[in-house]
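# Structure assessment
The primary structure of each chain is shown beneath.
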Amino acid sequence: MNCEQFRTIVGAEPDSTDPDVLAHVEHCPDCARYREEMQAMDRLIYRALAIETPAEKTTEQVLSPPQPRAPRLWRMAATVLLTVLAGMMALWLLTPRESFAEAAITHMRHEQASMVRTSETVDDTRLEQILAAAGLQLKPGAARVSYAQSCQFRGQQIPHLVVQTEHGPATVLVVPEAPAQQREKIDEDGLQGVIMPAPRGVIVVLGENMPVDEVAHTLLSALQY
Amino acid sequence: MPFRMDVFRFVYWLCRDRALAEDVVQETMLRAWRSLDSLSDEKAARPWLLTIARRELARVFERKRLPVVDLDAASELDPQALAVDDRHEVEEMRRAILKLDVIHREPLVLQVLMGYSTEEIARHLEISVAAVLTRLFRARQVLRQQMLGSDGTQP
């Protein structure tokens, strides 16, 4: 190992325990000093990164009396919140139940964090268990499933999957118990989707800027009911 | 909640905005709680939380155009965020880290603050180990140059 190679490694990992790095330190004082400088800089970086967090309040801060205006503000905020909640509840009671498509979108939004482009896939055993709970099987290798949950949807447990496609992630809700219906297209707030009749119930595919019909057909041919 | 402090610091150093970091941490903990059954190994809790936080922050960035972070404001006008140590060197280093590109800042935070190995960083960022080493090397080179340039002495 020459000095340049040493400095490349130590520049990325100052605490490297690579035997070649340690051996080089023994006979090269300049590089040994460089390593010490990098380690000292790392200690400084650590101190710089270790910022105070909200949870680190001191005892005095915790025990100190609140600001004079705070209680009044909190009461006002609570009043506004209760009024809004009461209004929302009244509105909910007076509004007809949301459509199947709306329920699917709401459900997807609830688990929005699953809609990420990733190369990670869920464990095969877990996927099998979730699908088996709904009496389903997926042909091995038919889709790259990055998220799988057994979710409550309209009074039943359904498999909620996220499938990675070349166009990005697609949410798939496999709803075994649903009234027979024709294919229904969804287009709302930049979200495309389709509700497709399945051997049992329907399958819902939702995604952004992607051929949802193609994804639905692929899954329907891969799912065994 | 264990690891909340780690998650906050990780998010802060990605977004450089304390208020946003607090929001993201709150949402991260909520999402983590909802999907707790997907955590198969308790020992993997911290990387699991950091991954959720990273996704949540990405979601925020995707959904709304965030204001440009004023680095002077981030390092000077928010003493609560940064005033853990009043030593000049630490403050200078914070300023230098705030100026790093996020692709260099994130692996550095994971390595130095979180104690991640190079392989763990590669898995977290979904890039190769070689790419991680390059980014870490580059990050330290930039910081070293800035620190040397700021007062003419070595750190």
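None of the values given here were measured: they were computed from a predicted structure. (Residues numbered from 1 in each chain as written. Chains lettered and ligands numbered in written order. Predicted model: local features only at pLDDT ≥ 70, side-chain atom pairs only at ≥ 80, totals over all residues. Heavy atoms only, no water.)

Right, let's talk about the sheet that holds strand E3 (residues 156-165) of chain A for a bit. All names here are of chain A. Spatially, 6 strands are ordered E2-E3-E4-E7-E6-E5 in an open sheet, and the strand pairing comes out antiparallel. Lying at the two open borders of the sheet, with one neighbouring strand each, are strand E2 (144-153) and strand E5 (184-188). Sheet twist, expressed as the average angle between the axes of neighbouring strands with direction ignored, equals 20°. The strands touched by helix H7 (residues 124-132) are E2 and E3; relative to E2, the strand with the most contacts, the crossing angle is about 35°. Across the sheet, helix H8 (residues 212-222) lies against E3, strand E4 (168-175), strand E6 (191-197) and strand E7 (202-207), angled at about 35° from E6, the strand it touches most. (Pairing = 2+ DSSP bridges. Helix = DSSP H or I, 4+ residues; strand = E, 2+ residues; numbered from the N terminus. Axes fitted to C-alpha atoms, helices over the stretch in contact; angles between N-to-C directions. Contact = heavy atoms within 4.5 Å.)

Looking now at the interface of chain A and chain B. Each side of the interface is counted separately: chain A has 35 residues, and chain B has 42 residues. Across the chain A to chain B interface the summed buried area is about 3,600 Å²; carbon plus sulfur atoms make up 58%. The interface formed by chain A and chain B contains 3 salt bridges. Mapped onto the side of chain A that touches chain B, the elements with two or more residues apiece are helix H1 (3-12), helix H3 (29-49) and helix H6 (100-110) of chain A. With 11 residues, the top contributor of residues to the side of chain A that touches chain B is H3 of chain A. Broken down by class, the residue content of the side of chain A that touches chain B amounts to 15 nonpolar, 9 polar and 11 charged. (Buried area = accessible area lost by both parts, 1.4 Å probe. Salt bridge = Lys/Arg side-chain N within 4 Å of Asp/Glu carboxyl O. Nonpolar A, V, L, I, M, F, W, Y, C, P; charged D, E, K, R; others polar.)

Right, let's get into the pattern of salt bridges. Close approach of charged atoms lets side chains of opposite charge pair. This model, assessed by the stated rule, comprises 12 salt bridges over all chains. The partner of Glu37 of chain A in a salt bridge is Arg144 of chain B, and the shortest N-O contact between them spans 3.1 Å. Within this pair, whereas Glu37 of chain A is found in helix H3, its partner Arg144 of chain B is found in helix H9 (residues 129-151), the two belonging to separate chains. For the pair Glu37 of chain A and Arg144 of chain B, a shared accessibility class is recorded, and that class is buried. A salt bridge links Glu120 of chain A to Arg55 of chain B; its shortest N-O distance comes to 3.9 Å. (Buried < 20%, exposed > 50% of the residue type's maximum accessible area, 1.4 Å probe, protein only.)

Before going further, it helps to examine the packing of aromatic side chains. In this description, a pair of aromatic rings is defined by centroid distance and the angle of the planes. All names here are of chain B. A complete count under the given rule lists 3 aromatic pairs over all chains for this structure. Aromatic pair Phe8 and Tyr12: ring centres 6.5 Å apart, planes at 20°, arrangement stacked. Linking Phe8 with Tyr12, this pair stays in helix H1 (residues 4-15), spanning 4 residues, or about one helical turn. When its relative accessible area of 2% is taken as the criterion, Phe8 is described as buried. In this structure Tyr12 comes out as buried when scored by relative accessible area, which is 1%. An aromatic cluster is defined as three or more aromatic residues linked by ring pairs; in this entry it consists of Phe8, Tyr12 and Trp13. (Phe/Tyr/Trp six-rings, centres within 6.5 Å; stacked < 30°, edge-to-face > 60°.)

This paragraph deals with the confidence of the model for chain A. In this model, chain A carries a mean pLDDT of 82, and residues with pLDDT of at least 70 account for 85%. pLDDT under 50 marks residues 57-70 of chain A. Its contacts with residues more than four places away, or in other chains, come to 3 contacts. (pLDDT = per-residue confidence, 0-100.)

A separate point is the packing of H1 of chain A against helix H2 (residues 19-27) of chain A. All names here are of chain A. The geometry of H1 relative to H2 is characterised by a closest axis approach of 10 Å and an angle of 120° between their N-to-C directions. Accordingly, the angle class assigned to the pair H1 and H2 is oblique. As for how H1 packs across H2, the hand of that crossing is left-handed. Contact residues: H1 offers Cys3, Phe6, Ile9 and Val10, while H2 offers Val21, His24 and Val25. (Parallel < 35°, antiparallel > 145°, perpendicular 65-115°, else oblique. Left-handed = near helix turned anticlockwise from the far one by under 90°.)

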